[in-house]
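Coordinate analysis (summary)
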Amino acid sequence: MPTNSEITHWDHHHHWHAFTQMAEYGPLVIERAEGVWLYDIEGNRYLDGVSSLWCNLLGHGHPRINEAIRQQLDSVAHSTSLGMGNRTTALLAKRLADIAPGDLQHVFFCSDGSSVNEVALKMAFQYWRQCEEPRPQKTKYLALGQAYHGDTLGSASVGGIARFHEIFEPLLFDVVRLPAPDPRTLPVGVDKPQAAEYFLAQLEAVLVERHEEIAAFILEPLIQGAAGMLFHPAGYLHGVRELTTKYHVLLIADEIVTGFGRTGKMFACDHEDVVPDILCLGKSITGGYLPLSAAITHPEIYNAFLGDAASGRAFHHGHTYGGNPLAAAAALATIDLLEEGQVVEKIGERAGQLGSWLDRLAAHPHVGATRQHGMIAAVELTTTQGEEEPFPPEVRIAYRVCREALRRGVWLRPLGDVLVIMPPLSITVDELDLLGDTLLQSIDTVTAEMSADA
Ligand SMILES: Cc1ncc(COP(=O)(O)O)c(C=O)c1O
């Protein structure tokens, strides 16, 4: 039996961690988890304040999800989706078709958010070559500044956050880029109530000029997550749908983060009654238990891929584990739990409590802004309260606050100077109070230390 120090060493030396500077990585090795709590190999527990990177929906170790996976294991752990199906994944496809907006009913499965966004991009491209009135000149994509759609080369190409992908720039394809519709960037003379109109006018100007070459507009509806939880103005998404329809550009909604209830509706698109052409889901689809993602589309796109084998019209894409039945079983159990417990409908109460904590945090001398949509929240740290005067990057203010929170038993992961709060929806009143209080105290401690150092 290896010792804890051996495990820690192997985790540090052999396990190359994602988006982690290994030279400064201080190992934190989790052994088990229950509810919102992660337990490390030393027995210390940490409140999972970011749902294990925005995916754990209903808590760790949920007996119903665990049991669904176990039962599936007794039937079949994996069978391919290339040329055959399996019972559980068929059930899930039907279930997703039932809950997806509008007539979205054909589900292509992958394992991660990045890969499913690649699928959506390629599906859009191939569609325009095979639809009834082909437009093969549509080979470009429209995407937003500050967008994040994943780390594979296609999804990174449509991403718009330099610090993630700048180094790979020579490998990425060109994208038609619009500035993020961030109400804070409005020019003088345009007030916040006109924000959607202003950004939609920008979109229309681009579409008028370039719609003939644009296959699809990919965006994170309502909230650009990795940008630091940047919220779009109300009405923007609806307007995007109207304009993309008008100019024959497909709309890809990347709901990898927003899907499955966190915003207070099942999908972010539901807030503005939008039916995209392709809806991309991932992360919480399995409750955050197993890797699964899905691109769901409507018959008009799907039918363009039908023909005999020799026609070459089949979709040219596939992943070995796409639609894995163990993951599908976890997803079915998750959807059951969401529906039975009316989890999404009941989100208001906990979101209200989170809102109260954000009000308290907003009063802190080093909090510039707070943002919230349902159970997704962000706290922006700035040198002075309410001012958008950032700390110098070398201070790594949010990183330091997260280290302090960890010392106090709360696990968070920052985005630049932004602290993200996104616990599992199952968090209790007391646990959320603990999270809010720890965050407040951690900001206090770190900023007080900095003042003392200055
Ligand atoms: C909006 C969005 N799309 C796609 C992805 C990529 O998902 P994955 O990490 O599962 O590849 C992420 C990851 O955070 C995301 O936030």
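Residues numbered from 1 in each chain as written. Predicted model: local features only at pLDDT ≥ 70, side-chain atom pairs only at ≥ 80, totals over all residues.

**Considerations on the overall build of the chain**
Assigned secondary structure in the chain consists of 14 helices and 16 strands. Its C-alpha atoms give the chain a radius of gyration of 22 Å, near enough to 22 Å, the size a compact globule of 454 residues would have. Split into buried and exposed, the 454 residues of the chain put 46% on the buried side. Intrachain contacts of the chain at a sequence separation of at least 6 include 70% that bridge at least 24 residues. (Helix = DSSP H or I, 4+ residues; strand = E, 2+ residues; numbered from the N terminus. Rg over C-alpha atoms; globule rule 2.2 N^0.38 Å. Buried ≥ 20, exposed ≤ 12 C-beta atoms within 10 Å, placed from the backbone. Contact = placed C-beta atoms within 7 Å.)

**Observations regarding the site of the ligand**
Residues in contact with the ligand amount to 14 residues; listed here are only the nearest, Asp 112, Gly 113, Ser 114, Gly 150 and Ile 256. The element best represented in the shell around the ligand is helix H5 (residues 113-130), accounting for 3 residues. Tallied by class, residues from the shell around the ligand come to 4 nonpolar, 7 polar and 3 charged. (Near = placed C-beta within 6 Å. Nonpolar A, V, L, I, M, F, W, Y, C, P; charged D, E, K, R; others polar.)

**A short note on the packing of helix H4 (residues 87-99) against helix H11 (residues 325-340)**
At their nearest, the axes of H4 and H11 sit 9 Å apart, and the two run at 40° to each other. Here H11 runs oblique to H4, going by the angle between their axes. Handedness of the crossing formed by H4 with H11: left-handed. Each of Thr 88, Thr 89, Leu 91, Leu 92, Arg 95 and Ile 99 in H4 lies in contact with H11, whose residues at this interface are Pro 325, Ala 328, Ala 329, Ala 331, Leu 332 and Ile 335. The residue makeup of the contact of H4 with H11, split by class, is 9 nonpolar, 2 polar and 1 charged. (Axes fitted to C-alpha atoms, helices over the stretch in contact; angles between N-to-C directions. Parallel < 35°, antiparallel > 145°, perpendicular 65-115°, else oblique. Left-handed = near helix turned anticlockwise from the far one by under 90°.)

**Notes on the domain arrangement of the chain**
Where interface size is given, it is often the accessible area lost as the parts come together that is meant. Here the chain is described as being made up of domain 1 (4-58 + 347-453) and domain 2 (65-340). Each of domain 1 and domain 2 was reduced to a C-alpha centroid, and the two centroids are 28 Å apart. Domain 1 puts 22 residues into the contact, and the matching count from domain 2 is 19 residues. Mapped onto the side of domain 1 that touches domain 2, the elements with two or more residues apiece are helix H2 (51-54), helix H12 (347-362), strand S13 (367-373), strand S14 (376-381) and strand S16 (418-421). Split into classes, the residues belonging to the side of domain 1 that touches domain 2 amount to 13 nonpolar, 7 polar and 2 charged. (Domains from an automatic or database assignment.)

**A look at the environment of Glu 212**
The topology assignment puts Glu 212 in the loop between helix H8 (195-210) and strand S7 (214-219). The partly exposed category is assigned to Glu 212, around which 13 C-beta atoms lie within 10 Å. Measuring from C-alpha to C-alpha, the distance between Glu 212 and Leu 361 comes to 47 Å, with 149 residues separating the pair along the chain.

**Quick look at helix H13 (residues 397-407)**
Of the residues making up H13, those classed as buried are Ile 397, Ala 398, Arg 400, Val 401, Cys 402, Glu 404 and Ala 405. Elements in contact with the buried residues of H13: S14, strand S15 (410-411), S16 and helix H14 (429-453). Downstream of H13 by a residue or two, Gly 409 has a phi angle that is positive, lying close to 100°.

**Here we look at the sheet that holds strand S6 (residues 176-178)**
In spatial order, the strands read S4-S12-S11-S10-S7-S5-S6; together these 7 strands make up an open sheet with mixed pairing. At either margin of the open sheet sits one strand with a lone partner, and together these are strand S4 (106-110) and S6. On average, each strand axis in the sheet is tilted by 20° relative to the strand beside it, whichever way the strands run. Direction of pairing for strand S10 (residues 250-254) relative to strand S11 (residues 278-281): parallel, over a ladder of 3 bridges. Bridging across to S11, Ala 253 finds its partner in Leu 279. Each of S4, strand S5 (140-144), S7, S10, S11 and strand S12 (293-297) touches H5; the most contacted strand, S12, lies at about 25° to it. (Pairing = 2+ DSSP bridges.)

**What about unusual backbone geometry?**
Backbone geometry at Trp 54 places phi at a positive 70°, although glycine is not the residue there. If you trace the backbone, Trp 54 turns up in helix H2. For Trp 54, a count of 22 C-beta atoms within 10 Å corresponds to the buried category. Of note, Gln 342 is a non-glycine position whose phi angle comes to about 45°, a positive value. With respect to the helices and strands, Gln 342 occurs in the loop between H11 and H12.

**Concerning the packing of H13 against H14**
Describing two packed helices takes the angle between their axes plus the distance from one axis to the other. Taken N-terminus to C-terminus, the directions of H13 and H14 make an angle of 120°; their axes are 8 Å apart at the nearest point. As far as their axial angle goes, H14 and H13 are oblique. You can see that H13 and H14 cross each other, and the crossing is right-handed. Note on element contacts: H14 touches H13 through Thr 438, Leu 439, Ser 442, Ile 443, Thr 445 and Val 446, opposite Arg 400, Val 401, Glu 404 and Ala 405. Residues belonging to the contact of H13 with H14 are distributed by class as follows: 5 nonpolar, 3 polar and 2 charged.

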